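Read off the chains here:
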Amino acid sequence: ARRNPAYMSKKNPLLQLEGLCISSPERILIDQLSLSLQTDEIVAIVGESGSGKSLTALTVAGLLFQTPLVVSSQKMLFNDRDLSRLSSQEWQAVRGKELGMVFQEPQSSLNPSMRCGAQVMERLEKNKIGKPQDYRGQVLEAFRQVQLPDPERIFRAYPHELSGGQKQRVMIAMALIGSPKLLIADEPTTALDVTVQKEILTLIKALQKANKMSVLFISHDLSVVAQFADRVVVMHQ
């Protein structure tokens, strides 16, 4: 760990995976993966397409347990909770409050028929975060934190009225509005041009420092994560 050696002295990781295996009826997809993530640390997973990076992220977020895939592990702990034993309702609570996700393509993650402000506000409503009368103000403040221009306009806008970079910032605002302990970013800059990529990475890094949260960052670009992560996990085959 070049940038954050403090993790070496901590006993209990925020996230701990040991012996993670994922298989389909035809073949083994991930075989005996182990990794850990400390509080206030950025760990990147890099690897070629098809190496299992996104599968790992989806498992941590509890989004594979109702699929035909078989998931098993020796240990799967997040914030001292055994993820393998959570019910669907408990998973929804974890994803709503303790864990946020940003996906590769914001256009497919946002509802095209809902205004952006309403979509972010819905996360507060579903998870009962704060007081209902404060929700609008919380969303506008979240838009300011991710450096969106004219938050009032963004609040009223539909996704198709925003640029790719603005849509990704809305997704980041949605992921962080509950002040999660862990942000999973699954190739969040791949669909963006180089200049916007750098802006989004700088933004995530700044928000991570400000909120002292952990980030599991997935990428196929080692040159990007070399400037961004405290540690790097390489997945192969």
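Described in the following lines is the structure provided in the data block. (Residues numbered from 1 in each chain as written. Predicted model: local features only at pLDDT ≥ 70, side-chain atom pairs only at ≥ 80, totals over all residues. Heavy atoms only, no water.)

Let us look at the sheet that holds strand β8 (residues 182-186). The parallel open sheet is built from five strands, whose spatial order is β7-β8-β9-β3-β10. Of all the strands in the sheet, the pair left with one neighbour each is β7 (99-102) and β10 (231-235). Averaged over all neighbouring strand pairs, the angle between strand axes comes to 15 degrees, with direction disregarded. Here strand β3 (residues 42-47) pairs with β10 via five bridges, running parallel. Along β10, the bridge assignment pairs Val-46 with Val-234. Across the sheet, helix α7 (residues 164-176) touches β7 and β8, and the angle it forms with β7 is around 170 degrees. (Pairing = 2+ DSSP bridges. Helix = DSSP H or I, 4+ residues; strand = E, 2+ residues; numbered from the N terminus. Axes fitted to C-alpha atoms, helices over the stretch in contact; angles between N-to-C directions. Contact = heavy atoms within 4.5 Å.)

The set of residues buried in helix α2 (residues 88-97) consists of Trp-91, Val-94 and Gly-96. As for α2, its buried residues are in contact with α1 (53-60), β5 (75-78), β6 (81-82), β7 and α4 (116-127). (Buried < 20%, exposed > 50% of the residue type's maximum accessible area, 1.4 Å probe, protein only.)

Attention now moves to the packing of aromatic side chains. By the definition in use, this model includes one aromatic pair. Their ring planes at 50 degrees and their centres at 4.7 Å tell us that Phe-217 and Phe-228 sit as a pair that is tilted. Here Phe-217, found in strand β9 (residues 214-219), pairs with Phe-228, found in the loop between α9 (222-226) and β10; they are 11 residues apart in sequence, far enough to count as distant. The exposure classification of Phe-217 matches that of Phe-228, with both residues buried. In this structure, Arg-136 is placed above the aromatic ring of Phe-155, and the distance from its NZ or CZ to the ring centre is 4.4 Å. In this structure, Lys-205 packs its charged tip against the face of Phe-228, placed 5.8 Å from the ring centre. (Phe/Tyr/Trp six-rings, centres within 6.5 Å; stacked < 30°, edge-to-face > 60°. Lys NZ or Arg CZ within 6 Å of the ring centre and 35° of its normal.)

Attention now goes to the environment of Leu-69. As for its position among the elements, Leu-69 is in the loop between α1 and β4 (70-72). Residues Leu-69 and Leu-83, spaced 14 residues apart in sequence, show a C-alpha to C-alpha distance of 16 Å. When neighbours within four sequence positions are excluded, Leu-69 is seen to be in contact with Ile-22, Ser-23, Ser-24, Leu-29, Leu-55 and Leu-64.

Once that is clear, we can look at the environment of Val-46. Topologically, Val-46 is positioned in strand β3. Each C-alpha atom of the pair Val-46 and Val-233 lies 6.3 Å from the other, and the pair is 187 residues apart in sequence. Excluding residues within four positions of it along the chain, Val-46 makes contact with Lys-53, Ser-219, Leu-222, Val-225, Val-232, Val-233, Val-234 and Met-235.

What follows deals with the nonpolar core. The biggest cluster of nonpolar side chains holds 45 residues, and the ones touching the most others in it are Val-139, Phe-143, Val-170, Ile-172, Leu-183 and Phe-217. By residue number, the principal contributor to this core is α7, which donates seven residues. Setting aside residues no more than four positions away along its own chain, Phe-143 makes contact with Cys-116, Gly-117, Val-120, Leu-148, Pro-151, Ile-154, Phe-155, Val-170 and Ala-173. Within the second largest apolar cluster, 30 residues are counted, among which are Leu-33, Phe-78, Val-94 and Leu-182. (Core = buried A, V, L, I, M, F, W, Y, C linked by side-chain atoms within 4.5 Å.)

On to the packing of α4 against α7. As a packed pair, α4 and α7 sit with axes 9 Å apart at the nearest point and diverge in direction by 20 degrees. The angle between the axes of α4 and α7 places the two elements in the roughly parallel class. As α4 packs across α7, the resulting crossing turns out to be right-handed. Contacts between α4 and α7 involve Cys-116, Gln-119, Val-120 and Arg-123 from the former and Val-170, Met-174 and Ala-175 from the latter. Across the contact of α4 with α7, the residue classes break down as five nonpolar, one polar and one charged. (Parallel < 35°, antiparallel > 145°, perpendicular 65-115°, else oblique. Left-handed = near helix turned anticlockwise from the far one by under 90°. Nonpolar A, V, L, I, M, F, W, Y, C, P; charged D, E, K, R; others polar.)

So, to be careful, I would describe these as geometric facts and stop short of saying anything about function.
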